[in-house]
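Spelled out, the chains give:
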Amino acid sequence: MVHELAEYERAADRCHLTAGQLEAALFGPAPALFGHVAVDAAEQPVGFALWFLTFSTWEGTHGIHLEDLYVRPAARGTGAGRLLLAALAARCVERGYRRLEWMMLDWNPAAGFYRAIDARTIDDWVPYRLEGTALRRLAAASTAGGAPVGPTG
């Protein structure tokens, strides 16, 4: 279904995820990716939510970042997407997390659905991304001298 989502988002050529990579990310020795799957009455998968934990230094608690939410076209309007989001909201409430956040493409018609559940856009924050050559160039600067910086964990 991840490849179906990539096709829906007009980026099928950029999706390189393999079943093995997804399995390792979800079920490996130290998973950092989590998921929920929606199934129909016949127990066939019709949607998924893939997410990971975030941390708010201001709130002092974790939150959930929803990386991808996808419901197959035939199951849209059945409540599957709402149930997936409700499961993540319940996880937040159960564990004391203060936020459930996600990003979406500006043309996605799901905006109406998100407004209907009282989700709001965060217009004063602008997402940034480093990837490819720019990511490698900055990474190379980590060994270019100066004070060493290392992980805390």
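Residues numbered from 1 in each chain as written. Predicted model: local features only at pLDDT ≥ 70, side-chain atom pairs only at ≥ 80, totals over all residues. Heavy atoms only, no water.

**Structural notes on the pairing of strand E2 (residues 45–56)**
Here comes step 1: Where strand E1 (residues 34–39) lies against E2, six bridges are found, and the strand directions are antiparallel. Among the inter-strand pairings, Val39 is bridged to a residue of E2, identified as Pro45.
Here comes step 2: Hairpin connection from E1 to E2: five residues lie between these consecutive antiparallel strands, with Glu43 at a positive phi of about 65 degrees.
Here comes step 3: With 10 bridges joining them, E2 and strand E3 (residues 61–71) adopt antiparallel strand pairing. The residue bridging Phe48 from the neighbouring strand is Tyr70, located in E3.
Here comes step 4: Counting the residues in the hairpin turn of E2 and E3 gives four residues, including Gly60, whose phi is positive at 75 degrees. (Pairing = 2+ DSSP bridges. Helix = DSSP H or I, 4+ residues; strand = E, 2+ residues; numbered from the N terminus.)

**Observations regarding the layout of surface pockets**
To locate leftover empty space, one rolls a probe as large as a water molecule over the atoms.
Here comes step 1: Estimated volume of the second largest pocket: approximately 210 Å³.
Here comes step 2: Along the walls of the second largest pocket sit 13 residues, with Leu22, Leu26, Val37, Phe48 and Leu50 positioned nearest its centre.
Here comes step 3: Elements that contribute at least two residues to the lining of the second largest pocket include exactly helix H2 (19–27), E1 and E2.
Here comes step 4: Across the lining of the second largest pocket, the residue classes break down as 11 nonpolar, two polar and no charged. (1 Å grid on protein atoms, 1.4 Å probe; cavity = no way out; pocket = protein on both sides within 12 Å on 5 of 7 lines; lining within 4 Å. Points joined across faces, edges and corners; volume = space filled by probe spheres on them. Nonpolar A, V, L, I, M, F, W, Y, C, P; charged D, E, K, R; others polar.)

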